[in-house]
Amino acid sequence: MHTFITTLRSLVRPLAVATLLSAAAAPVWAQKIVFGFSASTAFANAFVAANEGIFKKHGLDVEMKLVPNSATTPAALMAGSLQIATPTAPNTMQAVEQGLDLVVLAGGGYYTKGMEDVAIMVRPDSPIKTAKDFEGKRVSTPGLNAFLHVLFRKWMAENGGDYKKVTFTENAFAQSVDVLRNGQVDGILAVQPFLSRAQETGAGRVVAYYIAALEGEVQSGWHVASRKWADANPKQVAAFRAAIEEASALAQKDPGVVRKANLVYIPFPPEVQAKFPDPKFRPVITPEVVQNWNKIMMDQDMLKKPIDPAKLIYK
């Protein structure tokens with residue numbers, strides 16, 4: 001019996017060591033993260049993290065899920081069908097004011113003066129030339145009270161126009177050029193590649209690259225979770241942040257990795273995506289970013305009171 005036990009121990013010990021080594025080599029956090037994203041270059045640092053294996057390098061199992069309407073993502077985060085998502089800043093902050101306990105984990109892209117890939121467009125024969133000329137007119141936006149819409153209203157207010165005298169209608173990007181051409185609206189908020197399409201087909205002309213005309217910088221993308229999920233998964237939060245920072249640094253060093261990742265996660269062909277400008281990324285969200293959006297939204301009566309950056313930015 002003694003010999004049998006000794007033999008058994010000699011077999012079990014190497015097996016136990018092998019098991020421990022195998023466990024150590026496996027990803028530390030096996031729980032899958034479903035990442036709900038919009039097809040926008042504002043979130044391309046996450047695309048790079050997925051496409052270049054950076055999420056995996058940090059021990060994360062991330063399922064990338066395209067979401068047609070980012071306005072639906074706050075509710076999906078609270079329901080647990082998504083763990084991290086990319087609602088716009090206005091969507092996020094209004095959801096927080098309405099009682100959803102959401103937190104910002106990391107940042108995506110940001111706009112700075114001179115980045116000319118978003119425009120307010122009108123028909124070529126339109127008499128509209130200034131912000132004030134849009135008063136009494138109809139303007140199509142891809143999302144009411146979302147990023148493009150809010151910043152267009154800011155541009156109007158800063159350039160002598162009253163956006164409260166504009167009728168805004170909601171149309172998907174793909175429909176915007178057609179509704180402009182057909183005369184259903186007087187102007188459209190256009191991004192690439194629809195901006196170039198409107199110019200090339202003679203359907204529209206640019207009145208202003210309105211975000212490029214704004215002073216300062218505006219965060220265009222960030223990565224959001226529910227506080228409940230973040231509190232329950234601190235190691236995954238830290239790994240996600242590290243992956244986003246690494247991907248952002250890689251993108252800055254080699255913009256080619258952004259273009260390659262965009263082809264995987266944004267449903268437009270290469271010749272169309274060639275017109276996309278290289279985005280800028282701010283992976284770490286500071287209180288100043290939130291305060292800037294607080295001011296923009298308070299000026300437009302979109303919030304009853306400012307959102308506390310200390311609560312919104314996850315620690």
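The structure contained in this document is the topic of the report that follows. This structure is a prediction, so every number in the text was calculated from the model and none was measured.

**So, the layout of surface pockets**
Then, number 1: Here the largest pocket is characterised by a volume of approximately 1200 Å³.
Then, number 2: Taken together, 45 residues line the largest pocket, and the ones lying closest to its centre are S38, A39, S40, P142 and F173.
Then, number 3: Elements with a minimum of two residues in the lining of the largest pocket: β5 (109-112), α6 (147-158) and α7 (173-181).
Then, number 4: Top contributing element to the lining of the largest pocket by residue count: β5, with three residues.
Then, number 5: Here the residues of the lining of the largest pocket are counted per class, giving 28 nonpolar, 13 polar and four charged.
Then, number 6: Taken together, 13 residues form the lining of the second largest pocket, with V96, P306, I307, D308 and K311 sitting closest to its centre.
Then, number 7: When its residues are assigned to classes, the lining of the second largest pocket shows six nonpolar, no polar and seven charged.

**Section: the sheet that holds strand β9 (residues 187-191)**
Then, number 1: Strand order in the open sheet formed by five strands is β8-β7-β9-β6-β10, and the pairing between neighbours is mixed. The open sheet is flanked by β8 (167-170) and β10 (205-208), the only strands paired with a single partner. For this sheet the average axis-to-axis angle between neighbouring strands, irrespective of direction, equals 40 degrees.
Then, number 2: Across three bridges, strand β6 (residues 118-122) lies against β10 in antiparallel orientation. What sits directly across from M121, in β10, is V206.
Then, number 3: Contacting β6, β7 (138-141), β8, β9 and β10, α6 runs over the sheet at an angle of about 120 degrees to β9.
Then, number 4: Contacting β6, β7 and β9, α7 crosses the sheet at an angle of about 145 degrees to β9.

**What to know about the pattern of salt bridges**
Then, number 1: Counting across every chain of the model gives 13 salt bridges.
Then, number 2: Here D101 and R227 are joined by a salt bridge, their closest N and O atoms 2.9 Å apart. Residue D101 is located in the loop between α5 (89-97) and β4 (102-107), and its partner R227 is located in helix α9 (residues 227-232); the two are separated by 126 residues in the primary sequence.
Then, number 3: Residue classification places D101 among the partly exposed positions, given a relative accessible area of 35%.
Then, number 4: For R227, a relative accessible area of 23% puts it in the partly exposed group.
Then, number 5: Between R259 and D278 there is a salt bridge, with the nearest N and O atoms lying 3.0 Å from each other.

**So, the side chain of S140**
Then, number 1: Looking at the element boundaries, S140 is found in strand β7.
Then, number 2: Looking at S140, its side chain comes within polar contact range of the side chain of N171, at 3.1 Å.

**Describing the packing of aromatic side chains**
Then, number 1: On inspection of all chains with the given rule, the structure shows 13 aromatic pairs.
Then, number 2: Look at F37 and Y265: their rings are 5.8 Å apart centre to centre, the planes differ by 90 degrees, and that puts the pair in the edge-to-face class. Taken together, the positions of F37 in strand β1 (residues 32-37) and Y265 in helix α11 (residues 255-265) put the pair 228 residues apart, joining distant regions of the chain.
Then, number 3: Owing to a relative accessible area of 3%, F37 belongs among the buried residues under this scheme.
Then, number 4: Sitting over the face of the ring of Y110, R282 holds its NZ or CZ atom 4.3 Å from the ring centroid.

**Considerations on the packing of helix α2 (residues 44-51) against helix α10 (residues 234-253)**
Helices that pack against each other are described as a pair by the angle of their axes relative to one another and the distance between those axes.
Then, number 1: Running from amino to carboxyl end, α2 crosses α10 at an angle of 100 degrees, the nearest separation of the two axes being 8 Å. Here α10 runs roughly perpendicular to α2, going by the angle between their axes. Residues N45, A46, V48 and A49 of α2 form the contact with α10, whose own contacting residues are A243, I244, A247, S248 and L250.
Then, number 2: Each residue belonging to the contact of α2 with α10 can be placed in one class, and the counts come to seven nonpolar, two polar and no charged.

Cut-offs and rules
Residues numbered from 1 in each chain as written. Predicted model: local features only at pLDDT ≥ 70, side-chain atom pairs only at ≥ 80, totals over all residues. Heavy atoms only, no water. 1 Å grid on protein atoms, 1.4 Å probe; cavity = no way out; pocket = protein on both sides within 12 Å on 5 of 7 lines; lining within 4 Å. Points joined across faces, edges and corners; volume = space filled by probe spheres on them. Helix = DSSP H or I, 4+ residues; strand = E, 2+ residues; numbered from the N terminus. Nonpolar A, V, L, I, M, F, W, Y, C, P; charged D, E, K, R; others polar. Pairing = 2+ DSSP bridges. Axes fitted to C-alpha atoms, helices over the stretch in contact; angles between N-to-C directions. Contact = heavy atoms within 4.5 Å. Salt bridge = Lys/Arg side-chain N within 4 Å of Asp/Glu carboxyl O. Buried < 20%, exposed > 50% of the residue type's maximum accessible area, 1.4 Å probe, protein only. Polar contact = N/O pair within 3.5 Å; in protein donor to acceptor, adjacent residues only side chain to side chain. Phe/Tyr/Trp six-rings, centres within 6.5 Å; stacked < 30°, edge-to-face > 60°. Lys NZ or Arg CZ within 6 Å of the ring centre and 35° of its normal. Parallel < 35°, antiparallel > 145°, perpendicular 65-115°, else oblique.

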